[in-house]
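This is what each chain is made of:
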Amino acid sequence: MADTETVLAHRRDGYLLVTLNRPDRLNAFNEDMHHALRGHLTDAEETADIRAVLLTGAGRAFCAGQDLSDRDMRAGGPAPDLGVTLDTLYNPLVRQIRSMNKPVVCAVNGVAAGAGANIALCCDIVLAAQSARFIQAFSKIGLVPDSGGTWLLPRLIGEARAKALAMTGAPLDAETAASWGLIWKCVPDSELMMEAGNLAGQLAAGATRGLALTKQLIQQAAGQPLDQHLDSERDAQRQAGRTADYKEGVTSFLEKRPARFSGS
Ligand code: LHQ
């Protein structure tokens, strides 16, 4: 694929490596990048032997959010309807990642700002390079955190930290992000892609139908009481118990050998 593409996609062992690729703009989103990213995610969803996704950014940033030069407010004219931008571009992307029936790992290789931070955080497992920073940059330009930010942040780190990050736009370093539970792990810069690739490969070789059900259960939990959630777990376990991977998991355990999961 040509390096002029706004998003690159490469097949790896069992997973799709997806790289935001506008490094001179710190991988800020324009409309083309949205469509390209969603297209690659759809390919991953629909291709049976792609069983996980690894999302990262080219160059020194993960993503600086919306490309602010796309909508130059100095030009005057009527105020734009940013609700339309969210409805048509950002919200479908967040919904796609959250509903995808395959694990999505995010390797935050550098600064993640605005919607770029929240798109990273809505992935299933987030690793960040030690030099990466998370910035809820919205308040600096008069906006509110979008792409799920005001939903995710208080759930991940509590209201006090969520409000302070969102209202000040203060950068949060990767080590603190990990210690607060905002992300899974902070790793040395030079090890990020190897560690994230190993993780994506490991998930791709796993019992991916069970992983998809696990993802959905954990996401549903915030919105339902325990009593109802126990029923959801029962239904999901019923489905998991009917997979070939469950049969293989138990068989391999009893035979004292590594499991060979097929994702079916
Ligand atoms: C950029 C950007 C950028 C364009 C760096 N756009 N060029 C949703 C709905 C609709 C509309 C509005 O937005 C949203 C959601 C959002 O995401 S709102 C939040 C948008 N993002 C931001 O406000 C972040 C803006 N960027 C920054 O604050 C800084 O660039 C960060 C802190 C990310 C990085 O700082 P530095 O490491 O000092 O890099 P830099 O500022 O020098 O940037 C390098 C280049 O990238 C520079 O271009 P240049 O031609 O001077 O080299 C920047 O203009 C460009 N760039 N972010 N979002």
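Our structure's up above, just so we're on the same page.
Rules and cut-offs
Residues numbered from 1 in each chain as written. Predicted model: local features only at pLDDT ≥ 70, side-chain atom pairs only at ≥ 80, totals over all residues. Heavy atoms only, no water. Near = heavy atom within 4 Å. Polar contact = N/O pair within 3.5 Å; in protein donor to acceptor, adjacent residues only side chain to side chain. Areas by Shrake-Rupley, 256 points an atom, 1.4 Å probe, with all protein chains shown as cover. Helix = DSSP H or I, 4+ residues; strand = E, 2+ residues; numbered from the N terminus. Nonpolar A, V, L, I, M, F, W, Y, C, P; charged D, E, K, R; others polar. Buried < 20%, exposed > 50% of the residue type's maximum accessible area, 1.4 Å probe, protein only. Pairing = 2+ DSSP bridges. Phe/Tyr/Trp six-rings, centres within 6.5 Å; stacked < 30°, edge-to-face > 60°. Lys NZ or Arg CZ within 6 Å of the ring centre and 35° of its normal. Axes fitted to C-alpha atoms, helices over the stretch in contact; angles between N-to-C directions. Parallel < 35°, antiparallel > 145°, perpendicular 65-115°, else oblique. Left-handed = near helix turned anticlockwise from the far one by under 90°. Contact = heavy atoms within 4.5 Å. Arc of directions from axis to C-beta. Patch = residues over 30% accessible without salt bridge, like charges linked within 9 Å, V, L, I, M, F, W, Y side chains within 5 Å. Salt bridge = Lys/Arg side-chain N within 4 Å of Asp/Glu carboxyl O.

**Quick notes on the site of the ligand**
Surveying the vicinity of the ligand reveals 25 residues, the closest of which are R60, A64, Q66, L68 and A115. One of the backbone nitrogen or oxygen atoms of L68 is found 2.9 Å away from a nitrogen atom of the ligand. For the ligand, the protein covers 67% of the area, taking 1000 Å² as the surface of the free molecule. When residues of the shell around the ligand are assigned to their parent elements, the largest contribution, four residues, is made by helix α2 (residues 82-99). Residue composition of the shell around the ligand, by class: 14 nonpolar, four polar and seven charged.

**Topic: the pairing of strand β2 (residues 15-20)**
By the criterion of burial, β2 is predominantly enclosed, with six of the six residues buried. The side-chain alternation of β2 yields two buried faces, one formed by Y15, L17 and T19 and the other by L16, V18 and L20. Between strand β1 (residues 7-11) and β2, which pair antiparallel one after the other, the connecting turn spans three residues, and G14 there sits at a positive phi close to 90°. In the sheet, β2 pairs with strand β3 (residues 52-57) via six bridges, with the strands oriented parallel.

**Side note on the environment of G158**
Take G158: it is sitting in the loop between α4 (149-157) and α5 (159-168). Judged by its relative accessible area of 26%, G158 falls in the partly exposed class. Taking the C-alpha atoms as reference, G158 lies 9.8 Å from L182; in sequence the two are 24 residues apart.

**Some thoughts on the packing of aromatic side chains**
Evaluated as defined, the whole model comprises one aromatic pair. Considering the side-chain rings of F29 and Y90, the 5.7 Å spacing of their centres and the 70° angle between planes classify their relative orientation as edge-to-face. Here the residue F29 occupies a position in the loop between β2 and α1 (31-46), and Y90 occupies one in helix α2, the gap between them amounting to 61 residues. In terms of burial, F29 and Y90 fall into one category: buried. Here R155 stacks its cationic end above the ring of W151, 3.8 Å away from the centre of that ring.

**Considering the packing of α1 against α2**
With their axes 11 Å apart at the nearest point, α1 and α2 run at an angle of 20° to one another. For the element pair α1 / α2, the angle class is roughly parallel. Here the hand of the crossing between α1 and α2 comes out left-handed. Along its contact with α1, which presents E31, H34, H35, L37, R38, L41, T42 and E45, the element α2 presents L89, Y90, P92, L93, Q96 and I97. Split into classes, the residues belonging to the contact of α1 with α2 amount to seven nonpolar, four polar and three charged.

**Overview of the sheet that holds strand β8 (residues 133-135)**
Read across the open sheet, the four strands follow the order β4-β6-β8-β9; overall the sheet is mixed. Strands with a single pairing partner mark the edges of an open sheet, and in this sheet they are β4 (61-63) and β9 (172-173).

**Focus on the packing of α4 against α5**
Orientation of α4 relative to α5, taken along the N-to-C sense of each, is 135°, at an axis distance of 7 Å. As summarised for this structure, α4 and α5 are arranged oblique, according to the angle between their axes. The chirality of how α4 crosses α5 is right-handed. Of α5, the residues touching α4 (which contributes L153, P154 and I157) are E159, R161, A162 and L165. Grouping the amino acids of the contact of α4 with α5 by side-chain chemistry returns five nonpolar, no polar and two charged.

**Considering helix α10 (residues 244-254)**
Those residues of α10 that fall on the buried side of the exposure criterion are D245, E248 and S252. Across the axial projection of α10, the buried residues extend over an arc of 60°, all falling on one side. Along α10, the residues that are exposed and aim more than 90 degrees away from the buried face are K247, F253 and L254. Taken together, the buried residues of α10 touch α8 (208-221). Where α10 ends, the next residue or the one after it, K256, has phi of about 50°, a positive value.

**Here's the deal with a nonpolar patch on the surface**
A contiguous nonpolar surface patch, about 340 Å² in accessible area, is contributed by L68, L82, I141 and L143. Looking at the secondary structure, you find L68 in the loop between β4 and α2. Classification of L68 as exposed rests on a relative accessible area of 56%.

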